[in-house]
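Working through the structure, step by step
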Amino acid sequence: MKKKFIIWGAIVLLVCFSIVIVLFFMRDKKKDVYIAGYFNFPPYVIIQGEDLSGFDIELLRYIAKDQGFEIKFRRIDFPDILQALAEGQIDICTAITIRNEREKLVSFTYPVNQTSIGIAINHANRDKIKSVKDLKGKKIGTDPGTPEELCRQLKIKGMLTSFKVFNDSAVLYKELAAGKLDVVVNDVPVNKFFARKYKNQINCINNILTKDYVGFPIKKGNDRLRKILNEGIRDAMDSGEYSILAKKFFYIASPEKKDR
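To keep things clear, this report deals only with the structure shown in the data block. (Residues numbered from 1 in each chain as written. Predicted model: local features only at pLDDT ≥ 70, side-chain atom pairs only at ≥ 80, totals over all residues. Heavy atoms only, no water.)

**Observations regarding the pattern of salt bridges**
A complete count under the given rule lists eight salt bridges for this structure. Glu149 is the partner of Arg102 in a salt bridge, and the nearest nitrogen-oxygen pair spans 4.0 Å. Of this pair, Arg102 sits in helix H4 (residues 100-103) while Glu149 is found in helix H5 (residues 146-156), placing the two residues 47 residues apart along the sequence. Under the relative-accessibility criterion, Arg102 is labelled buried at 7%. A residue is classified by how much of its surface remains accessible, and Glu149, at 23% relative accessible area, is partly exposed. Across the pair Lys180 and Glu175 runs a salt bridge whose closest N-O atoms are separated by 3.8 Å. Salt bridges here are not isolated pairs; linked through shared partners, they connect Arg99, Glu101, Arg102 and Glu149. (Salt bridge = Lys/Arg side-chain N within 4 Å of Asp/Glu carboxyl O. Helix = DSSP H or I, 4+ residues; strand = E, 2+ residues; numbered from the N terminus. Buried < 20%, exposed > 50% of the residue type's maximum accessible area, 1.4 Å probe, protein only.)

If you want it as structure tokens, here you go:
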């Protein structure tokens, strides 16, 4: 009787010990949480009230699920991105143009697609503005970042007189549709998104000014997060999810992309 009691006691202790071990490892495997900054930039980031979507947002959500981490989003103005990453306010941000001067401050994932900068015009100017040569003296608006830098270069070359930078794409194209601006210089997918929204008010000109690759910026030196994100990007491409998102938000089978 005493021997059976000892055996059963040992079994109970073994079960309890096993439960403790399982709970310990479950606690140890708690998902990492990363904060992703974003700014309004359809179709990459689309803000509709409390709803957040867009190519970059959905791709980051897929990567988070694929790689087993949790992602939370925080809105941030474009000019503050690099500082926010450096200070650790955010861990990652929606895609921006990969440029040498930026790579000195932040790290980038593999390029997630290639974008180009073009021209959108108010419909009333369709017979007056055919190319970049017709911009001088026109009321021009642009988004901050690479489009703004291009406008600055065009101004130095004397190809445009002045331009205004908008921190919200929605406001920028609303001004264009209303005729308060003649031209918007911006990413072609963004121009096309708002041309569909403001049909018969905004036209896109088939005049590509630049082509660049874009990627998700992360804090300089965070090689672990960069590796995780790159693996997720590859999985998205291999699984077909990338093409699904491209078709949904860019209306094409897949935006141009580049391995890195």
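**Focus on the packing of aromatic side chains**
Under the definition given, this model contains ten aromatic pairs. An angle of 80 degrees between the planes, with centres 5.1 Å apart, marks the rings of Tyr34 and Phe69 as edge-to-face. Of this pair, Tyr34 sits in strand E1 (residues 33-38) while Phe69 sits in the loop between helix H2 (55-67) and strand E4 (70-75), and the two are 35 residues apart along the sequence. Summarising the aromatic geometry, the rings of Tyr173 and Phe194 are spaced 4.2 Å apart at their centres and angled 5 degrees between planes, so their arrangement reads as stacked. Here Tyr173, found in helix H6 (residues 169-177), pairs with Phe194, found in helix H7 (residues 188-197); they are 21 residues apart in sequence, far enough to count as distant. Residue classification places Tyr173 among the buried residues on the basis of a relative accessible area of 0%. On the accessibility criterion, Phe194 (2% relative accessible area) is buried. What links up through ring pairs into an aromatic cluster is the set Phe39, Phe41, Tyr44, Phe55, Phe78, Tyr242 and Phe250. (Phe/Tyr/Trp six-rings, centres within 6.5 Å; stacked < 30°, edge-to-face > 60°.)

**Let's talk about the packing of H2 against helix H9 (residues 241-250)**
Between two packed helices, the angle of one axis relative to the other and the distance separating the axes together describe the packing. Relative to each other, H2 and H9 sit at 160 degrees, their axes nearing to 10 Å. As far as their axial angle goes, H9 and H2 are roughly antiparallel. Handedness of the crossing formed by H2 with H9: right-handed. Here Phe55, Glu58, Leu59 and Tyr62 of H2 come into contact with H9, specifically with Glu241, Tyr242, Leu245, Ala246, Phe249 and Phe250. Across the contact of H2 with H9, the residue classes break down as eight nonpolar, no polar and two charged. (Axes fitted to C-alpha atoms, helices over the stretch in contact; angles between N-to-C directions. Parallel < 35°, antiparallel > 145°, perpendicular 65-115°, else oblique. Left-handed = near helix turned anticlockwise from the far one by under 90°. Contact = heavy atoms within 4.5 Å. Nonpolar A, V, L, I, M, F, W, Y, C, P; charged D, E, K, R; others polar.)

**Quick notes on H9**
Looking at H9, one finds that the buried residues are Tyr242, Leu245, Ala246, Phe249 and Phe250. Take H9 and look down its axis: the buried residues cluster within an arc of 105 degrees, on one side only. Relative to its buried face, H9 has exposed residues pointing more than 90 degrees away, namely Ile244, Lys247 and Lys248. Buried residues belonging to H9 abut strand E2 (46-48), H2, strand E8 (113-122), H7 and helix H8 (223-239). Positive backbone phi, approximately 60 degrees, marks Tyr251, located one or two places after H9. (Arc of directions from axis to C-beta.)

**Thoughts on the packing of H6 against H7**
Two elements in contact, H6 and H7, have axes separated by 11 Å at closest approach and are oriented at 60 degrees. With respect to each other, H6 and H7 are oriented oblique. Two packed elements cross with a definite hand, and for H6 against H7 that hand is right-handed. Here Ser169, Ala170 and Tyr173 of H6 come into contact with H7, specifically with Val190, Asn191 and Phe194. The residue makeup of the contact of H6 with H7, split by class, is four nonpolar, two polar and no charged.

By themselves, these are just geometric observations and shouldn't be taken as functional.
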